[in-house]
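Reading the structure
Residue-level listing of the chains:
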Amino acid sequence: MLKVVIRDVDLLVDLLNTTPVVDGVPTDVLRDRHKATRWLGERDLPSSPAAVASARRVRDAIARVVRDEEPARTLEPFLEGVSQTPSVGDDGVRWELSTGSADPFGLRCVLAWAHLQETLPGRLRPCANDDCRLFLVDHSRANTRRWCSMAACGNRLKARRHHRRATNRGGDD
């Protein structure tokens, strides 16, 4: 049995953000064996080569779905053999999740994605800066957050737009 916890949403966003652009160069924390072992270990996850490969697979699949490059059914393999069984107790109905043959980490991540889709539809998104590869969950009331970080990507893009407008106005005189 695997008990999925809502805090897995933070784990999912952390996982999606293991492919940052550093000094203009795309990186992948899970491609470097030492960094991957450290990343998984810091989250009390197994860090065997198979676990690292599994983390990359689920990260890449969910990232493609969030970016609308693949349909959600792409995530089906991570749910193979999974079932829920109800049981009634004094405090109501409880659902017990049986993982079957599914990879527990991949399952946790897909269920966290599903939870976000249900509770905050469309709010898990890639940063609007095309040069950035990070993701964010928009918790703003108006659902208008666009950047992973206002200090980094937001300010940079606003400065570029301002420069373009100022340059275009200067050329019209």
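Structural data are supplied above this passage.
Residues numbered from 1 in each chain as written. Predicted model: local features only at pLDDT ≥ 70, side-chain atom pairs only at ≥ 80, totals over all residues. Heavy atoms only, no water.

Before going further, it helps to examine the state of the cysteines. Scanning the entire structure with this criterion turns up zero disulfides. Cys 148 takes part in no disulfide bond, and the closest cysteine sulfur to it belongs to Cys 132, at a distance of 3.7 Å. For Cys 148, a relative accessible area of 19% corresponds to the buried category. Free cysteine: Cys 153, not disulfide-bonded; nearest cysteine sulfur from Cys 148 at 3.7 Å. The class of Cys 153 is buried, set by a relative accessible area of 4%. (Disulfide = S-S within 2.5 Å. Buried < 20%, exposed > 50% of the residue type's maximum accessible area, 1.4 Å probe, protein only.)

Summarising the sheet, strand 3 (residues 83-89) and strand 4 (residues 92-98) pair through seven bridges and their orientation is antiparallel. Bridge pairing in strand 4 places Thr 85 opposite Glu 96. Following strand 3, the chain reverses through two residues before pairing antiparallel with strand 4. (Pairing = 2+ DSSP bridges. Helix = DSSP H or I, 4+ residues; strand = E, 2+ residues; numbered from the N terminus.)

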